[in-house]
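Structural characterization, general
Below, each chain spelled out in residue letters.
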Amino acid sequence: MESPLAYFKDFFSNGITHSRRIQQKTESPFWVMVRKETGDHIRSWRFIVMLILIVLTFLSSLYVSLSNISKAVANIKDPDRIFIYLKLLTTSDGTMPTFHIFIGFLGPLLGIALGFDAVNAEQNNGTLIRLMAQPVYRDNLLLAKFCGALTLVSVLFLCLALLMLGGGMILTGILPEPVELFRITGFIVLSILYVSFWLSLSILLSVRFRNSATSALTAIGIWLFFTVFYRIIVNLVISAMLPSPDYLQPGDLAWYNDLFQSLRRLAPGQLYTDAATTMLMPSVRSLGPLTMEQMAGAVPSPLPFKESLMIVWPQVTGLLAATMVCFALTYYLFMRREIRT
Amino acid sequence: MESPIIELDGLTKNYGSVKAVDNLCLKIGRGEIFGLLGPNGAGKTTAILMILGLSEPAAGIARVCGVNASSDPIAVKRKVGYMPDSVGFYDDMTALENLMYIGRLNGIAEHEIESRARKTMEIVGLSEEMHKKTSACSRGMKQRLGFADVLIREPEVIILDEPTLGIDPSGVKEFLSLIRRLSRQQGLTVLLSSHHLHQVQQVCDRVGIFVDGRLLVEGDIGTLSRNLFGEESYVVQITIRDPLSAFEEHAEELRKLDGIRNIAVGENTVELSCREDVTPDIVRFFVQKGLNITGVHKKEFGLDEIYHRYFENNQKKHISHGKSTGLFQRFFFKRNNA
């Protein structure tokens, strides 16, 4: 601590440097935080582990679809056979699930891994109060946590898609159709949205629970509930409610079917799988049952991109709404909360 | 004092039914070093959080540089550097990176940020540990880094919560003298909270004693220590071999001695509180009366001692739910009334 005064003399009292500092355009605190969050995640082990997992599933599903692509494209009964790149993402010989099914399963884990200790770790380390003592808005922290992780997820999915496109071009020598690009982009946006739901849910839990292990376990519990048990429970409930099908009018049966579908779509994973399937398989016309009248006269041909988008719009809205609700709850819990450790 | 930098008016905060801070009124002027003294759990940190706008007061208002802290906390945080009592850092970053992050959050331009962070590190004496990961830093080093955090922002007001916690004695001395010099040189206003009385005494212009959410007394060190050391500053305890009987008449005579204020008689001990050191006179008196002295023990009443005694009383009070007049209060109010 030698001669601090000489330094501090112009450190504090020099008005000229001070005003010069204000004039210079500096990054807003929000982007500083986003940058730091992204950097932290990239260097963190858990992201590396998730990255390896996702890249492995991507490569293996791509390998399986590549080895079956010639069969799939030659299948005249399939109206989607002209879309090679979509086929690359959806073909499977039954030994491996396709990539979007994998993402439906691993996406939540990625979201949870990136968000489960977002706020409580800061609080337990005593860095939260240190951050809050800086001139930054409290909500900026939440938003930065969310955006930082989301940036990473977006880049990850975009890279995978580009990798697939590039690899496909090298291997097949066929250029992708614009509509394929749109559909793949739509699929990526959907996947990002899906992961962002789990991310915002896990950030919510990280605000709610002081202990990061508790919040991680709760998030994983919710994820397991929706992937494993929710379907079983819905099946149980419906079969308990449903009278014997022999005594039912066709209209009633359709109503029960509707109810069954709607209940199942409360699970975010179902929303995602439905929407992703529609995006990647242009021949999917409806996510619910179709009546004979609707089917009559229909040519088994792929739908235009816009029509597919219309079909998945409720799913997208649902996912977006669920993300928003989690985020709003996080805000509500965090904004007035005592931050001392 | 015209236009105080920190102005608290009737600040109140409840946690459930417990009043953490109760009607706190305080004014701190520019360039002043104010020490907030109190035991753990007295509500010091809560009061500080309200000054920073990090916690909402149930009633009252806190103004820093004329800005209301609860309605415009960002403006307040731009002017105030705050060091929390348990300051934490990002463990996977080095000390320098931690400091630069804070600098960036405060809008310091990118090209000057590193040089400034380095200079600040030198000032707080951390130039050697600059590239060490903070997870490997000791408590004292973290405390210094926390102070560097405050300094890099060029604040007008510095609020330090238990700043000397975890620093070794020589470090404390250095640290406090640095605070004092900075304050004197730059006209910085400093508010520091502590439960180490003698440390606070070294640097503060004024201190406030804060217990159970209330500011019992405030004033400059001179007046306070005169209050403290003025009257019952010496206590002499005399132990006698034989049990005391019929000491009352001796006590009467003793009271006539100059400077003796109070006499407490135990089984075979006599405790005398006196205004000045009259131990020789007392001993002579006892010898003349033919009492066999086995021990003379002079207790000096320092700030620490009183502080201690007060909290003993305070705990008793909590148990009995009775009177709220602790020794400290009696001490000061007696003095004030006199």
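Residue positions within a chain follow its written sequence, with the count starting from 1. Following the order in which they are written, the chains are lettered starting with A and the ligands numbered starting with 1. Confidence filtering applies because this is a predicted model: local features only for residues at pLDDT of at least 70, side-chain atom pairs given and counted only at 80 or more, and all residues used for totals across whole chains, interfaces and linings. To obtain the side-chain values, all non-hydrogen atoms of the structure were included, while hydrogens and water were left out.

What about the overall build of chain B?
Only runs of H or I of at least four residues qualify as helices and only runs of E of at least two qualify as strands under DSSP, and these elements are numbered from the N terminus. Helices and strands together make up the secondary structure of chain B, namely 12 helices and 14 strands. Only protein chains enter the accessibility calculation, which uses a 1.4 Å probe; a residue is then buried when its area is under 20% of its type maximum, exposed when over 50%, and partly exposed in between. Taking all 338 residues of chain B together, the buried fraction comes to 53%. Note on areas: these come from Shrake-Rupley sampling with a 1.4 Å probe, and a residue is covered only by the protein chains present in the view. About 14,700 Å² of surface is accessible on chain B, with carbon and sulfur atoms providing 46% of the total.

Some remarks on the packing of helix α9 (residues 138–172) of chain A against helix α10 (residues 178–208) of chain A
Residue and element names in this part refer to chain A. Fitted lines through C-alpha atoms give the axes, limited to the stretch in contact for helices. The angle between two N-to-C directions lies from 0 to 180 degrees. Orientation of α9 relative to α10, taken along the N-to-C sense of each, is 150°, at an axis distance of 9 Å. Our classification of the angle between α9 and α10 gives roughly antiparallel. Where α9 crosses over α10, the handedness of that crossing is right-handed. Between α9 and α10, the residues in contact are L142, K145, F146, A149, L150, V153, S154, F157, L158, A161, M164 and L165 and L181, I184, I188, S191, I192, V195, S196, L199, S200, I203 and V207, respectively. Ten residues, namely Ala, Val, Leu, Ile, Met, Phe, Trp, Tyr, Cys and Pro, are considered nonpolar, four, namely Asp, Glu, Lys and Arg, are considered charged, and the remaining ones, Gly among them, are considered polar. The residue makeup of the contact of α9 with α10, split by class, is 18 nonpolar, 4 polar and 1 charged. Note that the term roughly parallel is reserved for angles under 35 degrees, roughly antiparallel for angles over 145, roughly perpendicular for angles of 65 to 115, and oblique for everything else. By convention, the crossing between two helices is left-handed when the near helix turns anticlockwise from the far helix through less than a right angle, and right-handed when the turn is clockwise. The criterion used for residue contact is that any of the two residues' heavy atoms lie within 4.5 Å.

Focus on the interface of chain B and chain A
Contacts between the two partners involve 54 residues from chain B and, on the opposite side, 38 residues from chain A. Buried surface at the junction of chain B and chain A, summed over both partners, amounts to about 4,300 Å²; 59% is from carbon and sulfur atoms. Here the buried area means the combined drop in accessible surface, using a 1.4 Å probe, for two parts upon being joined, counting both sides. The largest share of the area that chain B buries against chain A comes from Y90, L105 and E154 of chain B, three residues that together contribute 15% of it. Here, a salt bridge means any Lys or Arg side-chain nitrogen found within 4 Å of an Asp or Glu carboxyl oxygen. For the interface between chain B and chain A, the tally reads 1 salt bridge. When the shortest N-O distance is used, the salt bridge between R130 of chain A and D149 of chain B registers 2.4 Å. A 3.5 Å cut-off defines polar contacts: any pair of N or O atoms within that distance qualifies, except that in protein one atom must be a possible hydrogen donor and the other a possible acceptor, and neighbouring residues in sequence count only when both atoms are side-chain atoms. At the junction of chain B and chain A, the tally comes to 10 residue pairs in polar contact (both at pLDDT 80 or more). Elements with a contribution of two residues or more to the side of chain B that touches chain A: β1 (6–15), α1 (44–52), α2 (73–79), β6 (80–83), α3 (95–105), α4 (110–123), α5 (139–151) and α6 (169–186) of chain B. No other element matches the 8 residues that α4 of chain B contributes to the side of chain B that touches chain A. Taken together, the residues of the side of chain B that touches chain A sort by class into 24 nonpolar, 13 polar and 17 charged.

A word on the pattern of salt bridges
Taken as a whole and judged by the stated rule, the model has 18 salt bridges over all chains. The salt bridge partner of E37 of chain A is K36 of chain A, with a shortest N-O separation of 3.9 Å. Relative accessible area serves as the criterion here: at 6%, E37 of chain A is assigned to the buried category. Between D205 of chain B and R180 of chain B there is a salt bridge; the shortest N-O distance is 3.7 Å. Of the two residues, D205 of chain B is situated in the loop between α7 (197–203) and β9 (206–211) and R180 of chain B in helix α6; the sequence distance between them amounts to 25 residues. Given the relative accessible area of 22%, D205 of chain B is considered partly exposed.

Things to note about a nonpolar patch on the surface
On the surface, I220, L224, F225, V228, F229, I232, I233, L236, V237 and M241 of chain A cluster together into a nonpolar patch covering about 820 Å² of accessible area. By the element assignment, I232 of chain A lies in helix α11 (residues 212–241). The patch calculation keeps residues exceeding 30% relative accessible area without a salt bridge and links them within 9 Å when they carry like charges or within 5 Å when they are nonpolar (Val, Leu, Ile, Met, Phe, Trp, Tyr).

Digging into the side chain of S191 of chain A
All names here are of chain A. Mapping S191 onto the fold places it in helix α10. A polar atom in the side chain of S191 sits 2.8 Å from the backbone oxygen of F187. In this view, S191 contacts I103, F157 and Y272; residues no more than four positions away in its chain are not counted.

Considerations on the confidence of the model for chain A
All names here are of chain A. Per-chain confidence: chain A averages 85 in pLDDT, with 89% of residues scoring 70 or above. Confidence per residue, as judged by the predictor, is encoded in pLDDT with a range of 0 to 100. When mean pLDDT is taken per element in chain A, α10 scores highest with 94 and helix α1 (residues 4–12) scores lowest with 44. Between residues 1–23, whose pLDDT stays under 50, and residues either more than four places distant or in other chains, the model counts 43 contacts.

A short note on the sheet that holds strand β4 (residues 59–64) of chain B
Residue and element names in this part refer to chain B. Note: two strands are recorded as paired if DSSP finds a minimum of 2 bridges between them. The strand order across the open sheet built from 4 strands is β2-β1-β4-β5, with neighbouring strands paired in antiparallel fashion. Every interior strand has two partners, whereas the edge strands, β2 (18–28) and β5 (67–68), have only one. Pairing between β1 and β2: 7 bridges, direction antiparallel. Bridging across to β2, L8 finds its partner in L26. Each of β1, β2 and β4 is contacted by α1, which is oriented at about 120° to β1, the strand it contacts most.

Describing the pairing of strand β7 (residues 157–161) of chain B
Residue and element names in this part refer to chain B. Extensive coverage of β7 is indicated by the burial of 5 of its 5 residues. Burial along β7 is two-sided: V157, I159 and D161 facing one way and I158 and L160 facing the other are all buried. Of the strand pairs in this sheet, β6 and β7 are connected by 4 bridges, and their pairing is parallel. Looking at β7, one finds that G81 is bridged to I158. Pairing of β7 with strand β8 (residues 189–194) involves 5 bridges; the strand directions are parallel. When the bridges of β8 are listed, I158 appears paired with V190. The handedness rule is simple: strands pointing away from the viewer, and a clockwise path from the first strand over the helix to the second, make the crossover right-handed. One crossover worth recording links β7 to the parallel β8 by way of α6, and it is right-handed.

Quick look at the environment of E248 of chain B
By the secondary structure assignment, E248 of chain B is in helix α9 (residues 248–256). On a C-alpha basis, the gap between E248 of chain B and V265 of chain B in space is 9.0 Å, while along the polypeptide they are 17 residues apart.

Section: the nonpolar core
Working definition of a nonpolar core: buried Ala, Val, Leu, Ile, Met, Phe, Trp, Tyr and Cys residues. They are joined through side-chain atoms within 4.5 Å. Ranked by size, the top nonpolar core spans 112 residues in total, and within it L110, M164 and I184 of chain A carry the most contacts. Among the elements that line this core, the one with the most residues is α10 of chain A, at 16 residues. The residues contacting I184 of chain A, other than those within four sequence positions of it, are Y85, L86, L89, A161, M164 and L165 of chain A. Counting residues in each nonpolar core, the second largest holds 47 residues, with M141, L151, L182 and V217 of chain B among its members.

Considerations on the environment of T279 of chain B
All names here are of chain B. Tracing the backbone shows T279 in helix α10 (residues 279–288). A relative accessible area of 11% places T279 in the buried class. Here the alpha-carbon distance between T279 and Q237, two residues 42 residues apart in the chain, equals 9.5 Å.

A short note on the sheet that holds β8 of chain B
Residue and element names in this part refer to chain B. Pairing within the open sheet is mixed, and its 6 strands lie in the order β6-β7-β8-β3-β9-β10. Two strands bound the open sheet, and with one partner strand each, they are β6 and β10 (214–220). Recorded for the sheet is a direction-independent mean angle of 15° between the axes of neighbouring strands. Lying over the sheet, α1 contacts β3 (33–37), β6, β7, β8 and β9, oriented at roughly 150° with respect to β6.

A few points about the packing of aromatic side chains
Each Phe, Tyr or Trp ring (for Trp, its six-membered ring) is paired with any other whose centre lies within 6.5 Å, and the angle between the two planes then decides the class: stacked below 30 degrees, edge-to-face above 60, tilted in between. Following the criterion strictly, the structure yields 16 aromatic pairs over all chains and no others. For the ring pair F105 of chain A and W223 of chain A, a centre distance of 5.5 Å and an interplane angle of 55° mean the geometry is tilted. Pair noted here: F105 of chain A is in helix α6 (residues 99–115) and W223 of chain A is in helix α11, with a separation of 118 residues, a long-range link. Aromatic rings pair up to connect F58, F99 and F187 of chain A into one cluster. Here, over-ring charges are defined by two tests on the NZ atom of lysine or the CZ atom of arginine: distance to the ring centre within 6 Å, and angle to the ring normal within 35 degrees. A cation over an aromatic ring shows up here: K36 of chain A above the ring of Y90 of chain B, its NZ or CZ 3.5 Å from the ring centre. We note R208 of chain A situated over the ring of F209 of chain A; from NZ or CZ to the ring centre the distance is 5.3 Å.

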